[in-house]
Amino acid sequence: MILKRIPEDFKVTEIPVIQEDVKGNYSVYRLRKKNIDTLAALDVIRRAFSLAPGDVSCSGLKDKYSVAVQYVSIKGRQGTKYNLKEPSFFLEFVFYASEPILIGKLKGNQFEITVRKIKASYLKHLYERVPLLEKGVTNYFGEQRFGSYSGKKGFIGKALITEDYEEALKIYFTHYIKSENTSKKDLKQYIDNNWLKWNNVIEYIKKHPGKNDLMGKLIMYLKNSDNDYFGAVKLLPQRHIRLYIEAYYSFLWNEVTRRVIEKIAEKKFSLSYIAGMLMFYEKVNERDFMHLKWASFNFRKIDAKSQMKLLIKEAFFDVFKQEGITQELLKKTFFNIGMLKRRNLVLFPKDFKVVSEADDELYPRFKKVVLTFSLPPGSYATMVTRILFKH
């Protein structure tokens, strides 16, 4: 099976909670976007209207390779004056509100997902697996969370919280993904091969101009400050640092949860993802399931019955030992970035439907299906498809 063959295969619409207040001092807009991630779209909006970073906010980040509808608030009563049409998005005024939209402040997300390249013989198995959703889905963080992860070099976030600032910058400067353009990859490879040779790197950037202003600024700072790595890190945008640290926290959360599922599941299967392995349950005894469905944790607090709490604590120590860190380290606040909110181990999709099945026009001799469902804030639709297709 294949997901996201085209952006229209993955449609997500926010279910907002913000209420209209005709006298409010915040303008709320509907953002319809395609082939652009949320942060990039917000940057375009800020530049278009000369706004400060804190003037524009949203409730969550939506994947670049999708068709997404979400809501954005802008400080002030600009109304339709800030409507904006760009090749990759359309910003349209909806109403005024008395408060801004904040991260996580939404009811959930509605999904419409087209799954392609399915063998006709698998359709029967698909329908047989749908009832598994009634027993919940392990609420892992999905691939989109780990764009900053470098398989060989690891997590920028881990380097930041362990105060290895040189390593954090080395990953930042040299990690790239397949979708990045060739010039960006070449620059990162050059920096990797010329680490600490800042004059060489500066000359390379001059000869290959592009959107490298921040990288150039950081390299120049390192050259002039005798490699003040911590000072250079502080020049990174705060929202980027937040994403790096939260990506590592999310990885740790996944690792702890995987170990819990391994212990209690009577029938299970594992699947790989960009940062490791995920374990899913197909059968759990009723007692363990009742404990599992109400359990939640972050690295400061566990909310679970005594037996489940003990399993989570044991998984904590196993993961911390593997990573060479301590729980006390995770209780600290880094760069004014707080801990992840407590997260439920299990999510329950609502209003799930197999809307249609048909021949796949992009893959002859295969089928496609369209699925619709809604999830709570912060949950990943790909966890639902992993259960259904074991892929």
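Definitions and limits used
- Residues numbered from 1 in each chain as written.
- Predicted model: local features only at pLDDT ≥ 70, side-chain atom pairs only at ≥ 80, totals over all residues.
- Heavy atoms only, no water.
- Axes fitted to C-alpha atoms, helices over the stretch in contact; angles between N-to-C directions.
- Helix = DSSP H or I, 4+ residues; strand = E, 2+ residues; numbered from the N terminus.
- Parallel < 35°, antiparallel > 145°, perpendicular 65-115°, else oblique.
- Left-handed = near helix turned anticlockwise from the far one by under 90°.
- Contact = heavy atoms within 4.5 Å.
- Nonpolar A, V, L, I, M, F, W, Y, C, P; charged D, E, K, R; others polar.
- 1 Å grid on protein atoms, 1.4 Å probe; cavity = no way out; pocket = protein on both sides within 12 Å on 5 of 7 lines; lining within 4 Å.
- Points joined across faces, edges and corners; volume = space filled by probe spheres on them.
- Buried < 20%, exposed > 50% of the residue type's maximum accessible area, 1.4 Å probe, protein only.
- Pairing = 2+ DSSP bridges.

**Q** Please give an account of the packing of helix α5 (residues 182-193) against helix α6 (residues 198-207) that cites residues and values.
**A** Contact pair α5 / α6: the axes reach a minimum separation of 10 Å and the direction vectors enclose 165 degrees. Compared by their axis directions, α5 and α6 come out roughly antiparallel. Here α5 runs over α6; the crossing is right-handed. Contact with α5, carried on its side by Asp 186, Leu 187, Tyr 190 and Ile 191, involves Asn 200, Val 201, Tyr 204 and Ile 205 of α6 and no other residues of that element. Across the contact of α5 with α6, the residue classes break down as six nonpolar, one polar and one charged.

**Q** Residues and numbers for the layout of surface pockets, please.
**A** Volume-wise, the second largest pocket comes out at about 240 Å³. Sorting elements by how many residues they give to the lining of the second largest pocket places α5 first, with three residues. Across the lining of the second largest pocket, the residue classes tally to two nonpolar, five polar and five charged.

**Q** Tell me about the environment of Asp 186, residues and numbers included.
**A** Tracing the backbone through its elements, the reader meets Asp 186 in helix α5. Residue Asp 186 is classed as partly exposed on the basis of its relative accessible area of 34%. Note: C-alpha distance between Asp 186 and Leu 235 (49 residues apart in sequence) is 23 Å.

**Q** Tell me about empty space enclosed by the protein, and please be specific about residues and values.
**A** Any space left empty among the atoms is revealed by the rolling of a water-sized probe across them. Under the definition given, this model contains one cavity of 30 Å³ or more. Of the pockets and cavities examined, the largest cavity occupies roughly 50 Å³. Considering the residues around the largest cavity, the lining is formed by Glu 14, Pro 16, Val 17, Ile 18, Ser 59, Tyr 71, Pro 100, Ile 101, Lys 105 and Leu 106. Partitioning the lining of the largest cavity into residue classes produces seven nonpolar, one polar and two charged.

**Q** Please give an account of the sheet that holds strand β11 (residues 296-297) that cites residues and values.
**A** Taking strand neighbours across the sheet as the criterion, the three strands line up as β12-β11-β13 in an open arrangement whose pairing is antiparallel. Whereas interior strands pair on both sides, the edge strands pair on one side only; in this sheet they are β12 (302-303) and β13 (343-344). Direction of pairing for β11 relative to β12: antiparallel, over a ladder of two bridges. Note on β12: the bridge partner recorded for Phe 297 is Ile 302.

**Q** Explain the environment of Ala 168 to me, and be specific about the residues and the numbers.
**A** Structurally, the position occupied by Ala 168 is in helix α4 (residues 165-174). For the pair Ala 168 and Val 56, spaced 112 residues apart in the sequence, the C-alpha separation amounts to 28 Å. Leaving out residues up to four positions away in the same chain, Ala 168 has contacts with Ile 156, Ala 159 and Leu 160.

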